[in-house]
Amino acid sequence: MSSEAFENARLTYEQHMRTCRQCHADTVPCAVSKHLLRICNNARRELLRSSGHRSARA
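Residues numbered from 1 in each chain as written. Predicted model: local features only at pLDDT ≥ 70, side-chain atom pairs only at ≥ 80, totals over all residues. Heavy atoms only, no water.

(A) Structural detail: the environment of Ala9. Positionally, Ala9 belongs in helix α1 (residues 2–19). With 28 residues separating them in the primary sequence, Ala9 and Leu37 have C-alpha atoms 8.0 Å apart. In contact with Ala9, not counting residues within four places along its chain, are Ile39, Cys40 and Ala43. (Helix = DSSP H or I, 4+ residues; strand = E, 2+ residues; numbered from the N terminus. Contact = heavy atoms within 4.5 Å.)

Now the structure itself:
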């Protein structure tokens, strides 16, 4: 289930980055992209914890 949560969060973040006008116009990510990236990072950490990995590679 952790891998599904991570993939969902990653895909949502990537889709936002492709479609958000503000993220494309500015060099600074919008508040929504920062929030989605935080969710993605938390899901990645949980996936690594649940699979027993110590490193932060994904």
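(B) Spatial organisation of the side chain of Ser33. The topology assignment puts Ser33 in helix α3 (residues 31–51). Note on Ser33: relative accessible area 1%, which makes it buried. (Buried < 20%, exposed > 50% of the residue type's maximum accessible area, 1.4 Å probe, protein only.)

(C) Local environment of α3. For α3, spanning 21 residues, the distance from its first C-alpha to its last is 30 Å, which sits close to the expected 30 Å at 1.5 Å a residue. For α3, the set of buried residues is Ser33, Leu36, Cys40, Ala43, Arg44 and Leu48. Buried residues of α3, viewed axially, fall in a sector of 135°; they line one side. The outward face of α3, more than 90 degrees from its buried face, is lined by the exposed residues Ala31, Arg38 and Arg49. The inward-facing, buried residues of α3 contact α1 and α2 (21–25). Phi turns positive one or two residues past the end of α3, at Gly52, with a value near 85°. (Expected span 1.5 Å × (residues − 1). Arc of directions from axis to C-beta.)

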